[in-house]
Amino acid sequence: MTPAISATPSLLVDSRCTHGEGALWSPRRQCLFWVDISERRLWQYLAADGSRRHWDLPDRPGCLAEGDDGTLLLALAGSLQRADIDAADGTLALQWLADVQPEHPGTRSNDGRTDRAGNLVFGTMNEDPAREPLGRFYQYSARHGLRPLDLPGVVIPNAICFSPDGSTMYYCDSVRPEIWCCDYDPAAARCHRPRLFARLEDRSWEPDGAIIDAEGSLWNAQWRASRVVRYGGDGRIERIVPMPVTNPTCVALGGADLTTLMVTSSRLDHSAEALAASPHAGGVFAIETGLAGLPDAPFRW
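Quick summary incoming for the structure in this document. Computed from a prediction, not measured in an experiment: that's the story for all the values here.

**A closer look at the pairing of strand β6 (residues 61-66)**
Side chains on a regular strand alternate between the two faces of the sheet. Within β6, 6 of the 6 residues are buried, which leaves it mostly tucked inside the rest of the structure. Hairpin connection from β6 to strand β7 (residues 72-76): 5 residues lie between these consecutive antiparallel strands, with Gly-70 at a positive phi of about 95°.

**Describing the environment of Val-35**
Within the secondary structure, Val-35 sits in strand β3 (residues 31-36). The exposure class of Val-35 is buried, given its relative accessible area of 0%. Sequence separation of Val-35 and Gly-22 is 13 residues, and the distance between their C-alpha atoms is 5.8 Å. If near-sequence neighbours (up to four positions away) are discounted, Val-35 is found in contact with His-19, Gly-20, Glu-21, Gly-22, Arg-41, Leu-42, Pro-61, Gly-62 and Leu-64.

**Looking at the sheet that holds strand β21 (residues 237-242)**
Pairing is antiparallel in the open sheet, where 4 strands are placed in the order β18-β19-β20-β21. The outermost strands of the open sheet, each flanked by one partner alone, are β18 (206-212) and β21. When the angles between neighbouring strand axes are averaged without regard to direction, this sheet yields 25°. Pairing of β18 with strand β19 (residues 218-223), which is carried by 5 bridges, proceeds in the antiparallel orientation. Opposite Pro-207, over in β19, you have Gln-222 as the bridge partner.

**A closer look at the sheet that holds β6**
If you walk across this open sheet you meet the 4 strands as β6-β7-β8-β9, and the pairing is antiparallel. Each edge of the sheet is formed by a strand with only one pairing partner; in this case those strands are β6 and β9 (93-99). When the angles between neighbouring strand axes are averaged without regard to direction, this sheet yields 25°. Note: β7 against strand β8 (residues 79-84), 4 bridges, orientation antiparallel. Bridged to Leu-73 within β8 is Arg-82.

**What about the pairing of β7?**
The element β7 is extensively covered by neighbouring structure, given that 5 of its 5 residues are classed as buried. Both faces of β7 are covered, namely the face carrying Leu-72, Leu-74 and Leu-76 and the face carrying Leu-73 and Ala-75. Sheet topology note: the β6/β7 ladder contains 5 bridges and is antiparallel. What sits directly across from Ala-65, in β7, is Leu-73. A loop of 2 residues connects β7 with β8, the two strands running antiparallel in sequence.

**Side note on the pattern of salt bridges**
Taken as a whole and judged by the stated rule, the model has 19 salt bridges. The salt bridge involving Arg-176 is made with Glu-178; its shortest N-O contact spans 3.9 Å. Relative accessible area serves as the criterion here: at 42%, Arg-176 is assigned to the partly exposed category. Residue Glu-178 is classed as buried on the basis of its relative accessible area, which comes to 14%. The shortest N-O distance in the salt bridge between Arg-224 and Glu-206 comes to 3.4 Å. In this pair, Arg-224 is assigned in the loop between β19 and β20 (227-231) and Glu-206 in strand β18, connecting sequence segments 18 residues apart.

Criteria and cut-off values
- Residues numbered from 1 in each chain as written.
- Predicted model: local features only at pLDDT ≥ 70, side-chain atom pairs only at ≥ 80, totals over all residues.
- Heavy atoms only, no water.
- Buried < 20%, exposed > 50% of the residue type's maximum accessible area, 1.4 Å probe, protein only.
- Helix = DSSP H or I, 4+ residues; strand = E, 2+ residues; numbered from the N terminus.
- Pairing = 2+ DSSP bridges.
- Contact = heavy atoms within 4.5 Å.
- Axes fitted to C-alpha atoms, helices over the stretch in contact; angles between N-to-C directions.
- Salt bridge = Lys/Arg side-chain N within 4 Å of Asp/Glu carboxyl O.

Laid out in structure tokens, this is it:
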């Protein structure tokens, strides 16, 4: 039998995001960042006092990274922007860095994380219902700018994360119930030997955001499956965390000892009746795991 965490996740932030995503724990600030893609918002939860705030953005955000100087790197739908959240007047000052896939206006930035060398790796998704694989995976660095990774086209890129030594990249196309991995060279922005890592048991479930913990295991939020799954390095299920919402979207391990699993969620694809039965969908949930996380590397400016 696959072990499940018996405790029920508690509601950490009743944010009711239309489409919460991009969970990122900041050891520097002892806070959780995440985004609401649909509402064009950046959110922050401060662990010290439980306070939260959000900033409106000029475009839909897909993911973010925290820089080594404390500024944030935001992947908006069609651009990369540097953001200063510490402005004295409380406003969010943005600095344009690069356009993202302007040759395909029907795509937008989606999931991403920093690699262990401090570069942002993210993907673009195709929003056209025809679902052609027009999306691409990219690496962005201060030194080289935006570079495409040599991986096949994708419809909905997700689950991007990296092994503790940084030599393996994990990723998926959420239209297929599979998580893949490949050998990864951050200096050259090259990928080699793509291979299947894990397959979800139900074809209607979709792999979404993922992280790697201190033991090298992968935690994956699974859309439409009401669960988060921890996979061992061999791709076998080690633990299942049942969630009180249908569409968990992304995960982070945070808190003072990095053992609190924090999970964002979405209100998309719900009927009015389903939302009435799950009023906290779109919130952030938390549960103690007893297993230590591995912080994302700061982006190197």
